[in-house]
Amino acid sequence: SNAGKTASSVNANPTRTALQQALASLEGADHGIAFSSGLGATTTLMHLVDPGQRVVLIADVYGGVYRMTSQVYEPKGYLFDYVPAAEFPNLRHHLDDNTRMVWIESPSNPLLNVVDIRAAADAAHDAGAILVVDNTFATPYLQQPLELGADVVVHSTTKYLGGHSDTVGGFIATNDPTIAERLYFLQKSLGAVPGPFDSWLVLRGIKTLAVRMRQHCDNAMQVALWLERRGNVERVLYPGLPSHPNHALAARQMRDFGGMVSFLAHSEEEALALVARTKLFKLAESLGGVESLIEVPARMTHASTATAPFAAPPNLVRLSVGIESVTDLIADLEHALVPAAGTA
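> Help me get a handle on the overall build of the protein, residues and values and all.
What the protein contains, in helices and strands, is 12 helices and 12 strands. Since a compact globule built from 344 residues should have a radius of gyration of about 20 Å, the 20 Å found for the protein is in line with a globular shape. Seen along its three principal axes, the alpha-carbon backbone of the protein occupies a region of about 75 × 45 × 35 Å. Within the protein, buried positions represent 55% of all 344 residues. In the protein, 25 positive and 34 negative side-chain charges are present, and the distance between their average locations comes to 6 Å.

Quick look at the structure:
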């Protein structure tokens with residue numbers, strides 16, 4: 001019998017509830033709500049906004065989010081503005097009384113820009129908006145945005161939290177009881193819920209989160225340093241490098257610098273050729289698994305931003321550095337960056 005049970009417990013699943021509690025605790029949050037995908041979490045959050053209201057997003061936002069905002073919600077009368085990461089110190093000038101939400105990624109996907117979360121939270125709150133931080137790249141092991149003033153943290157648990165490229169999921173954490181109550185209602189009413197087995201796979205993944213993230217960070221730093229020393233790439237983008245414009249901020253805001261490294265090849269043709277030459281780095285979308293992946297965002301994960309003014313550069317290569325032997329990973333990149341005999 002359901003007599004005496006709360007409405008929320010009637011609609012709960014014990015494995016999903018365990019996942020929500022575990023992930024909320026990692027983010028230092030009072031409330032956690034799990035979803036069937038990162039975009040399922042995102043579309044649910046967009047229901048906190050009404051047509052005619054405005055959302056300000058970091059310009060190099062994940063391509064799937066841009067596809068949703070520009071092609072699903074904008075035609076319905078929602079207002080979206082995209083602010084370059086370099087402009088975030090002046091965020092206040094981009095907000096008005098109609099701004100309901102500020103949405104940032106830090107580090108961002110795929111340019112690995114770092115935003116001052118506390119400063120963004122202060123600016124958002126002064127304008128009467130909430131700050132949402134996509135913490136997928138950093139994970140709660142490296143960064144806890146709620147402690148820095150964010151109202152909502154969102155994750156694609158498909159990535160580092162699952163960690164093995166074998167599940168799809170999303171997650172939202174918040175300390176705001178009003179937002180939480182609304183999101184629990186929306187989770188139930190919109191139906192983007194994770195199944196018990198997907199929830200179990202993410203629960204399994206987070207048991208090794210700390211040890212995996214330490215290896216991802218260590219390998220990524222060595223790969224980034226090696227790429228920068230080589231000099232036959234145009235530019236290496238990694239918050240752990242002193243050459244990164246936000247290196248000092250990242251060092252202050254994060255425990256370590258993450259497992260994602262991007263770099264600019266000398267041309268789009270070179271980028272497309274080299275990603276086809278790697279062996280250990282598999283040419284595939286997604287990220288955050290124990291195995292290394294490589295991709296060209298402009299053609300793959302961020303193809304939906306191709307016509308945007310802030311499109312991913314066509315010569316950008318994004319690495320999800322795995323936990324394999326870093327010596328092997330660097331050897332693989334060395335082979336890919338040197339054109340094979342007989343090619344230009």
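Having seen it, we continue.
> For the sheet that holds strand β7 (residues 170–174), give the residues involved together with the corresponding values.
Strand order in this open sheet of 7 strands is β1-β7-β6-β5-β4-β2-β3, and the pairing throughout is mixed. With partners counted over all chains shown, the strands left at the sheet margins are β1 (31–35) and β3 (79–83), one partner each. Across the sheet, the mean angle separating the axes of adjacent strands is 20° when strand polarity is ignored. In this structure, strand β2 (residues 54–58) lies alongside strand β4 (residues 99–105), joined through 4 bridges in parallel fashion. Considered in β4, the bridge of Leu-57 is made with Trp-103. Where helix α4 (residues 63–73) meets the sheet, its contacts fall on β2, β3 and β4, and the angle it forms with β3 comes to roughly 150°. Along the sheet, helix α5 (residues 117–126) contacts β4 and β5 (130–134); its crossing angle with β5, the most-contacted strand, is approximately 150°.

> How would you summarise the nonpolar core if you had to cite specific residues and measurements?
Of all hydrophobic cores here, the largest spans 107 residues; its most connected members are Trp-103, Leu-131, Leu-227 and Leu-319. In terms of residue count, helix α9 (residues 209–230) provides more of this core than any other element does, 8 residues in total. When sequence neighbours within four positions are dropped, the list of residues in contact with Leu-319 reads Val-223, Leu-227, Gly-259, Met-260, Val-261, Phe-263, Phe-281, Leu-293, Ile-294 and Leu-333.

> Which residues make up the environment of Ala-120, and what values go with them?
Here Ala-120 lies in helix α5. Note: C-alpha distance between Ala-120 and Asn-246 (126 residues apart in sequence) is 15 Å. If near-sequence neighbours (up to four positions away) are discounted, Ala-120 is found in contact with Leu-91, Ile-104, Val-115 and Leu-131.

> Quick rundown of α4? Include the residues and the values.
Among the 11 residues of α4, 8 are classified as buried, and the element is accordingly described as predominantly covered. Gly-63, Gly-64, Val-65, Tyr-66, Met-68, Thr-69, Ser-70 and Tyr-73 are the residues of α4 that are buried. Buried residues in α4 make contact with α3 (38–46), β2, β3 and β4.

> How would you explain the packing of α9 against helix α12 (residues 326–337) if you had to name every residue and give the values?
Axis separation between α9 and α12 bottoms out at 10 Å; the angle between their running directions is 30°. Taken as a pair, α9 and α12 cross one another with a handedness that is right-handed. In this structure, α9 contributes Asn-219, Gln-222, Val-223, Trp-226, Leu-227 and Arg-230 to the contact, and α12 contributes Val-326, Leu-329, Ile-330, Leu-333, Glu-334 and Leu-337. Of the residues assigned to the contact of α9 with α12, the class counts are 8 nonpolar, 2 polar and 2 charged.

> Provide a residue-level description of the environment of Glu-234, including the pertinent values.
Along the polypeptide, Glu-234 turns up in the loop between α9 and β8 (235–237). As for Glu-234 and Phe-263, which are separated by 29 residues in sequence, their C-alpha atoms are 7.3 Å apart. For Glu-234, the residues in contact, after removing those within four places along its chain, are Leu-264, Ala-265, His-266 and Asn-315.

> Quick rundown of the packing of aromatic side chains? Include the residues and the values.
As enumerated under the stated definition, the model contains 5 aromatic pairs in all. Aromatic side chains Tyr-82 and Phe-310 sit 5.1 Å apart centroid to centroid with 40° between the ring planes, which places their arrangement in the tilted category. Here Tyr-82, found in strand β3, pairs with Phe-310, found in the loop between β11 (293–295) and β12 (316–320); they are 228 residues apart in sequence, far enough to count as distant. Residue classification places Phe-310 among the buried positions, given a relative accessible area of 19%. Linked through ring pairs, Tyr-66, Tyr-82 and Phe-310 together constitute an aromatic cluster. Taking the ring centre of Tyr-141 as reference, the NZ or CZ of Arg-255 above it sits at 4.6 Å.

> Before we move on, could you go through the pairing of β3 and cite the residues and values that matter?
Regular strands have side chains that alternate between both faces of the sheet. Sheet topology places β2 next to β3; 5 bridges connect them, and they run parallel. Bridged to Ile-58 within β3 is Val-83. Read from β2 through α4 to β3, the crossover connection turns out right-handed.

About the cut-offs
Residue numbering note: each chain is counted from 1, following its sequence as written. The predicted origin of the model limits local features to residues at a pLDDT of at least 70 and limits the giving and counting of side-chain atom pairs to 80 or more, whereas totals for whole chains, interfaces and linings rest on all residues. Water and hydrogen atoms play no part in the side-chain values, which are based on all heavy atoms of the structure. Each helix is a run of H or I in the DSSP string that is no shorter than four residues. Each strand is a run of E no shorter than two, and both are numbered from the N terminus. The globule rule is 2.2 Å times the number of residues to the power 0.38, and the radius of gyration it is compared with is taken over C-alpha atoms. Buried residues are those whose accessible area, probed at 1.4 Å on protein chains only, stays under 20% of the maximum for their type, while exposed residues exceed 50% and partly exposed ones sit between those limits. Neither His nor the chain ends is counted toward charge; the positive residues are Lys and Arg and the negative residues Asp and Glu. All charge positions are set by atom: Lys at NZ, Arg at CZ, Asp at CG, Glu at CD. Here the rule is simple: two strands pair whenever DSSP picks up at least two bridges between them. A fitted line through C-alpha atoms serves as each axis, taken over the contacting stretch for helices, and the angle formed by two N-to-C directions is quoted from 0 to 180°. Throughout, a residue-residue contact means that at least one pair of heavy atoms, one from each residue, lies within 4.5 Å. Buried residues of nine kinds, namely Ala, Val, Leu, Ile, Met, Phe, Trp, Tyr and Cys, make up a nonpolar core once their side-chain atoms join them within 4.5 Å. For any pair of crossing helices, the crossing counts as left-handed if the nearer helix is rotated counterclockwise from the farther one by less than a right angle, and right-handed if it is rotated clockwise. Amino acid classes used here: Ala, Val, Leu, Ile, Met, Phe, Trp, Tyr, Cys and Pro are nonpolar; Asp, Glu, Lys and Arg are charged; the rest, including Gly, are polar. Any two of the Phe, Tyr and Trp rings considered here, Trp counted by its six-membered ring, make a pair once their centres fall within 6.5 Å; the pair's planes then place it as stacked at under 30 degrees, edge-to-face at over 60, or tilted in between. We count a charge as sitting over a ring when the NZ of a lysine or the CZ of an arginine lies within 6 Å of the ring centre and within 35 degrees of the ring normal. A clockwise path from the first strand over the helix to the second, with the strands pointing away from the viewer, defines a right-handed crossover.

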